[in-house]
Amino acid sequence: RGSDLMNYGLFVMTLTHLLTHVFTRVHTTLFPVLQIEFNLTLQQLALIAAIPPLCQTIPAIPIGLLADKIGSKKLLLASLVMSVAGAILASRASTPLMLIIAVSLAYVNTTVYHAPAYSFVTKLFKPRDRPRALGLHGAGGTLGVAIGPLSISLIMGVLGLGWRQVYLFWLIPFLLGLAAVLAIRSEPVEDAPMDQAEQAASPPVTSLLATSLVMFLIFLSIRVVANTMTDSFLALYLVNDRGMAPSAASLVIGLNIAVGVVAAPLGGFWAVRFGEKRWLMTVYALAYVSYGLAFLAPTTGLLVALYLAYGVLTLLGMAANSAIMAKLSPGKKRGLAYALFFLPSSLVGAVAPFLAAAIAERFGMASIFAACTATYVLSLIMLKFGVKVRP
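**Things to note about the overall build of the protein**
Scanning the protein for helices and strands turns up 18 helices and 0 strands. Here the C-alpha radius of gyration of the protein, 20 Å, is about what a compact globule of 391 residues would show, namely 21 Å. In terms of its C-alpha atoms, the protein occupies a principal-axis envelope of roughly 60 × 45 × 30 Å. A separation of at least 24 residues holds for 86% of the contacts in the protein among residues at least 6 apart in sequence. Here the protein contributes 26 positively and 13 negatively charged side chains, and the mean placements of these two sets differ by 3 Å.

Dropping the structure here:
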C-alpha cells in the first residue's frame, strides 16, 4: 500500500471498471436502429435514455453508506451479478419496456460499483499517488464505455449480427470479472499512512459537506447536463444530419472514449505535476473550445477530428476530478463521498435527455450542441470561482 501501482487490487478495480461501463452508451448508440425497429419518437427515445439514470439515484446513498460499513468486495460482486442479469434480459428484449428494464439494471450496477471501488482505490494510495492510481482506474472505465459502441461496429457492422447479440457477447467477460474479485484476499479499511511532511501539507478533512465540496458537486451537475444531452442524441445527429451509417457513428462514439485508455493515466500523472484544479481548468477549457468548433465544422471529417480532440482533452481531466473528490472528503466517509460524486450524473442524467429532445424538436438537432457548449462554459466558471482545493 502507498505507492506501488503494480498492485493486484488496483488491477482488479481497473478490470471491473471496464466491465461495469461496457453498456453505458450501447443503448443510445443503438438509437438509429431502435427508432426504426420499435417506431419510436424523439420523446420516447428520451424516455429510454432518461429512465436508467433515474434508477441509479435510488440506491446511491445507501450504497455509499454500505461501502463504508461492510467494505468493497461484497458490493463489487453484487454489481457484476446485476450486469449479467441486465445483459441476459437485453439479449431477449422484444419490447422497449424490456430493454428499459435491462438497461436500468446495467445502470444501477454502476451505482453499486462506484462508491466501493473508488473508496478501495483511494485508500490504497497516499494523496500524492492517488491521481496516478485513479488515472489507471479511470482508464479501465473509459475503455469500457468505448468498447461498448465499438463492439456494435464489430458485431453488427462486421459480423452482421443483431443488436441483441451485442449484449449477449459480454456474458463471459463478466464471469471472468467475478472470478477476479473473488480472488481478492484483503481490502483497505482506512487511508494509507502518510509521513509527517505529508500530514502537514494535507491536514485531514473532517466534514463531508464543506462549501468547496458542495460547489464541486454543483460543477459536476452542470457538466453532466451537457454530457448527457450530447450522449443521448449524438448518434442520431451523425446518422440523420451528417449522413453516417449507424456502424460508422458507433465507431466514432467509441473512439472518442477509447482515447481515454491513454489519456486518463497521462492526465493522472500530469495532475500530480501541475496540481489537480489547475490541470482540470486547462484541459477542460481546451476541450470545450474543441467541442464547440466540432459542431460548427463544415465537413464531417473535421467534425470527427475535433470531437475526438474534445474526447482526449476531457479524459485528460478524469483522474484530477476523482482526486479532487478524495481531497475534499474524509477517509472514513469515502464511500458515501463517491456516492455523492456520481449522484449528479444520475439525477441530472434523468432530465437532460428530455431537455435535449425538446430543443431538437423546436430548433433542430444541431441546436442541442450549441446549448451544450454554453452549459460547459458555465460549469468551468463554477469550478474556477466556487471550488477551493489544497495544493
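Next, the rest of the story.
**Quick look at the packing of helix 6 (residues 96–124) against helix 17 (residues 334–363)**
Angle between the axes and distance between the axes: these two values describe a pair of packed helices. Packing of helix 6 against helix 17 brings their axes to within 8 Å, and their N-to-C directions diverge by 135°. Taken together, the axes of helix 6 and helix 17 are oblique relative to one another. The interaxial crossing formed by helix 6 with helix 17 has right-handed handedness. Residue-level inspection shows Thr111, His114, Ala115, Tyr118, Ser119, Thr122 and Lys123 of helix 6 in contact with helix 17, the latter providing Arg334, Gly335, Tyr338, Ala339, Phe342 and Ser346. For the contact of helix 6 with helix 17, the class distribution of residues is 5 nonpolar, 6 polar and 2 charged.

**Brief notes about the pattern of salt bridges**
This model, assessed by the stated rule, comprises 5 salt bridges. Between Arg132 and Asp129 there is a salt bridge, with its nearest N and O atoms 3.3 Å apart. Given the relative accessible area of 8%, Asp129 is considered buried. The salt bridge involving Lys327 is made with Glu276; its shortest N-O contact spans 3.2 Å. Of the two residues, Lys327 is situated in helix 16 (residues 318–328) and Glu276 in helix 14 (residues 276–294); the sequence distance between them amounts to 51 residues. Glu276 shares its class with Lys327; the two are buried. Salt bridges here are not isolated pairs; linked through shared partners, they connect Arg128, Asp129 and Arg132.

**A few points about the packing of aromatic side chains**
This structure, assessed with the given rule, holds 26 aromatic pairs. Consider the rings of Phe295 and Tyr307, whose centres lie 6.4 Å apart with planes at 70°: the pair is edge-to-face. Linking Phe295 in the loop between helix 14 and helix 15 (300–316) with Tyr307 in helix 15, this pair joins segments that are 12 residues apart in sequence.

**Description of the nonpolar core**
Formed by 119 residues in total, the largest nonpolar core has its most connected members in Met13, Phe23, Tyr167, Phe216, Phe233, Phe295 and Ile368. Among the elements that make up this core, the one with the highest residue count is helix 11 (residues 211–241) (16 residues). Excluding its chain neighbours within four sequence positions, the residues that come into contact with Phe216 are Asn321, Ile324, Met325, Leu328, Phe341 and Val387.

**Side note on the packing of helix 5 (residues 73–91) against helix 9 (residues 171–182)**
Contact geometry for helix 5 and helix 9: axes closest at 10 Å, N-to-C directions at 170°. Taken together, the axes of helix 5 and helix 9 lie roughly antiparallel to each other. Of helix 9, the residues touching helix 5 (which contributes Lys73, Leu76, Leu77, Leu80, Val81, Ser83, Val84, Ala87 and Ile88) are Leu171, Phe174, Gly177, Leu178, Val181 and Leu182. Taken together, the residues of the contact of helix 5 with helix 9 sort by class into 12 nonpolar, 2 polar and 1 charged.

**Notes on the environment of Tyr291**
Tracing the backbone through its elements, the reader meets Tyr291 in helix 14. The exposure class assigned to Tyr291 is buried, which follows from its relative accessible area of 0%. Distance from Tyr291 to Tyr307, taken between C-alpha atoms, is 5.9 Å for residues 16 residues apart in sequence. Contacts of Tyr291, omitting those with residues within four sequence positions, involve Thr230, Tyr310, Phe369, Cys372, Thr373 and Tyr376.

**With respect to helix 3 (residues 31–38)**
Residues Phe31, Pro32, Leu34 and Phe38 constitute the buried set of helix 3. All buried residues of helix 3 project into a common sector of 170° when viewed along the axis, lining one side. Tucked inside the fold, the buried residues of helix 3 contact helix 2 (26–29), helix 4 (42–70), helix 6, helix 8 (164–169), helix 11 and helix 12 (246–258). Positioned one or two residues after helix 3, Asn39 has a phi angle of 55°, which is positive.

**Remarks on the environment of Ala366**
Looking at the secondary structure, you find Ala366 in the loop between helix 17 and helix 18 (367–386). Discounting residues that sit within four places of it in the chain, Ala366 has contacts with Tyr237 and Asp241.

**Things to note about the environment of Thr41**
Locating Thr41 in the fold gives a position in the loop between helix 3 and helix 4. Thr41 sits 50 residues away from Ser91 along the chain, and the two C-alpha atoms are 23 Å apart.

**A look at a nonpolar patch on the surface**
Taken together, the side chains of Val261, Val262, Leu266, Trp270 and Phe274 define a hydrophobic patch exposed on the protein surface, amounting to about 400 Å² of accessible area. Looking at where Val261 falls in the secondary structure, it is placed in helix 13 (residues 260–274). The class for Val261 is partly exposed, based on a relative accessible area of 32%.

**So, the confidence of the model for the protein**
Of the residues in the protein, 94% reach a pLDDT of 70 or more, and the chain-wide mean stands at 87. Here helix 10 (residues 196–201) stands out as the element of the protein with the lowest mean pLDDT, 51, in contrast to helix 14, whose mean of 96 is the highest.

**Points about unusual backbone geometry**
Residues other than glycine seldom take positive phi values, yet Asn39 does so here, at roughly 55°. Residue placement: Asn39 occurs in the loop between helix 3 and helix 4. A residue is classified by how much of its surface remains accessible, and Asn39, at 67% relative accessible area, is exposed.

Scoring rules and cut-offs
Residues numbered from 1 in each chain as written. Predicted model: local features only at pLDDT ≥ 70, side-chain atom pairs only at ≥ 80, totals over all residues. Heavy atoms only, no water. Helix = DSSP H or I, 4+ residues; strand = E, 2+ residues; numbered from the N terminus. Rg over C-alpha atoms; globule rule 2.2 N^0.38 Å. Contact = heavy atoms within 4.5 Å. Lys, Arg positive; Asp, Glu negative; His and termini not counted. Charge placed at Lys NZ, Arg CZ, Asp CG, Glu CD. Axes fitted to C-alpha atoms, helices over the stretch in contact; angles between N-to-C directions. Parallel < 35°, antiparallel > 145°, perpendicular 65-115°, else oblique. Left-handed = near helix turned anticlockwise from the far one by under 90°. Nonpolar A, V, L, I, M, F, W, Y, C, P; charged D, E, K, R; others polar. Salt bridge = Lys/Arg side-chain N within 4 Å of Asp/Glu carboxyl O. Buried < 20%, exposed > 50% of the residue type's maximum accessible area, 1.4 Å probe, protein only. Phe/Tyr/Trp six-rings, centres within 6.5 Å; stacked < 30°, edge-to-face > 60°. Core = buried A, V, L, I, M, F, W, Y, C linked by side-chain atoms within 4.5 Å. Arc of directions from axis to C-beta. Patch = residues over 30% accessible without salt bridge, like charges linked within 9 Å, V, L, I, M, F, W, Y side chains within 5 Å. Areas by Shrake-Rupley, 256 points an atom, 1.4 Å probe, with all protein chains shown as cover. pLDDT = per-residue confidence, 0-100.

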